[in-house]
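Here's the letter readout for the chains.
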Amino acid sequence: MTDRFRDRSVIVTGAGKGIGRTIARVFAREGARVLVVDVDAQGAADTAATIRKDGGRAETCAADVGVRADVEVMAGEALKHFGGIDVLVANAGIFPSVTIEEMTEADWDHVHNVNLKGAFFCVKACAAQMRRQGGGRVLLTSSITGPITGFPGWAHYGATKAGMLGFMRTAAIEFARDRVTINAVLPGNIRTEGLADVGPEYLRKMEASIPMGHLGEPEDIAYAMLFLASDEARYITGQTLVVDGGQTLPESALALESE
Ligand code: NAP
């Protein structure tokens, strides 16, 4: 445990498992008070219990980021427990796979509602408080899928992850004078619990497409977030940080064969 974020109030959405759980744990290890937010109340409780067991401080909030009233309650809970909001990590996201031919309007709307509208709701609910406090940090979990790459089955997902960046750039300008920065981290393929079912052959193929030769760990995303939330990153806003082990670099598979 260090003191870099001692007593800062940090909200992490989608923190009931996966990358968000690790982001919450890493901020707590740095001394922050963390509001663990997830649509899955049990997942949020488990993350908070782990943080407390490690000696950190955490509260929980069951909220669906796609529901505006839930997100307003979330911001209120952070104020109630911690007295302010210093950092918002809008991380919650879903990635159901379906081809465009099979995709229904409801599929499209659901993914947009959680990933893109959810990010908007979270920023809207928290940024005014940050402005009142004289500053704050917003971090978005985008993806390489959409802003940089494509993958069959994820047209709707990619649209939301690219859309988050369009939203971010204007938000960064609107809040710049208030010392509220807003940046995005773009993860590549990260090793989360969700990958347990994909099988060794699929994993091997994924790893073969990454110049570093292995998947990222949730900590790799959390450390990028930590930097963008730090005092040292105070002059960085509206930017993207790709954390992908070089996955988006090769111009073709040949670039990796010559290694
Ligand atoms: P994950 O393991 O599925 O965890 C996401 C968490 O968010 C789950 O606990 C989920 O609950 C929760 N959640 C889902 N919908 C929600 C909602 N409407 N409101 C609040 N919480 C909600 O996902 P992950 O792999 O950690 O991904 C986290 C973020 O990273 C996402 O934005 C994703 O797009 C992005 N990302 C991930 C990767 C990767 O390789 N893993 C790569 C690029 C980007 P339920 O389980 O109950 O649905």
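Since we're looking at a predicted model, the values are computed, not measured.

Peer 1: Honestly, the packing of aromatic side chains in this entry has me stumped. Any pointers?
Peer 2: Centre distance and the angle of the planes are the two values used to describe a pair of aromatic rings. Counted according to the given criterion, the structure contains six aromatic pairs. With 5.2 Å between their ring centres and 80° between their planes, Phe5 and Phe27 make a pair best called edge-to-face. Here the residue Phe5 occupies a position in the segment before strand E1 (9-13), and Phe27 occupies one in helix H1 (residues 18-29), the gap between them amounting to 22 residues. Of the residues examined, Phe5 reaches a relative accessible area of 1% and is grouped as buried. Residue classification places Phe27 among the buried positions, given a relative accessible area of 0%. Seen in terms of ring centroids, Phe95 and Tyr157 are 6.0 Å apart; in terms of plane orientation they differ by 80°. Their pairing is edge-to-face. Highlighted residues: Phe95 in the loop between strand E4 (87-90) and helix H4 (105-133) and Tyr157 in helix H5 (residues 155-176), separated in sequence by 62 residues. Cluster of aromatic residues (ring-pair linked, three or more members): Phe95, Phe151, Trp154 and Tyr157.

Peer 1: Just checking my understanding: could you explain a nonpolar patch on the surface for this structure?
Peer 2: Residues Phe151, Val198 and Tyr202 make up a contiguous nonpolar surface patch of about 260 Å² in total accessible area. Tracing the chain through its elements places Val198 in the loop between strand E6 (180-187) and helix H6 (200-208). Of the residues examined, Val198 reaches a relative accessible area of 31% and is grouped as partly exposed.

Peer 1: I would appreciate a short explanation of the site of the ligand in the present structure.
Peer 2: Close to the ligand lie 26 residues; Lys17, Ile19, Asp38, Asn91 and Tyr157 are nearest. At 2.7 Å, a backbone N or O of Ile19 approaches an oxygen atom of the ligand. At 3.0 Å, a backbone N or O of Val65 approaches a nitrogen atom of the ligand. In the complex, the protein chains occlude 86% of the 890 Å² of accessible area that the ligand would expose alone. Mapped onto the shell around the ligand, the elements with two or more residues apiece are H1 and H5. Across the shell around the ligand, the residue classes break down as eleven nonpolar, ten polar and five charged.

Peer 1: Looking at this structure, how should I read unusual backbone geometry?
Peer 2: In most cases, non-glycine residues show a negative phi, while peptide bonds are predominantly trans. Positive phi outside glycine occurs at Asp7, with the angle close to 70°. Tracing the backbone shows Asp7 in the segment before E1. Look at Arg179: it is not a glycine, yet its phi comes out positive at around 60°. Among the structural elements, Arg179 can be located in the loop between H5 and E6.

Peer 1: Before we go on, may I ask you to explain the packing of helix H3 (residues 68-82) against H4 in this structure?
Peer 2: At their nearest, the axes of H3 and H4 sit 9 Å apart, and the two run at 35° to each other. Two packed elements cross with a definite hand, and for H3 against H4 that hand is right-handed. The segment H3 lies against H4, with Arg68, Val71, Met74, Ala75 and Leu79 engaging Phe121, Cys122, Lys124, Ala125, Cys126 and Gln129. Residues belonging to the contact of H3 with H4 are distributed by class as follows: eight nonpolar, one polar and two charged.

What counts, and at which threshold
- Residues numbered from 1 in each chain as written.
- Predicted model: local features only at pLDDT ≥ 70, side-chain atom pairs only at ≥ 80, totals over all residues.
- Heavy atoms only, no water.
- Phe/Tyr/Trp six-rings, centres within 6.5 Å; stacked < 30°, edge-to-face > 60°.
- Helix = DSSP H or I, 4+ residues; strand = E, 2+ residues; numbered from the N terminus.
- Buried < 20%, exposed > 50% of the residue type's maximum accessible area, 1.4 Å probe, protein only.
- Patch = residues over 30% accessible without salt bridge, like charges linked within 9 Å, V, L, I, M, F, W, Y side chains within 5 Å.
- Areas by Shrake-Rupley, 256 points an atom, 1.4 Å probe, with all protein chains shown as cover.
- Salt bridge = Lys/Arg side-chain N within 4 Å of Asp/Glu carboxyl O.
- Near = heavy atom within 4 Å.
- Polar contact = N/O pair within 3.5 Å; in protein donor to acceptor, adjacent residues only side chain to side chain.
- Nonpolar A, V, L, I, M, F, W, Y, C, P; charged D, E, K, R; others polar.
- Axes fitted to C-alpha atoms, helices over the stretch in contact; angles between N-to-C directions.
- Left-handed = near helix turned anticlockwise from the far one by under 90°.
- Contact = heavy atoms within 4.5 Å.

Read these as geometric descriptors, not functional statements.
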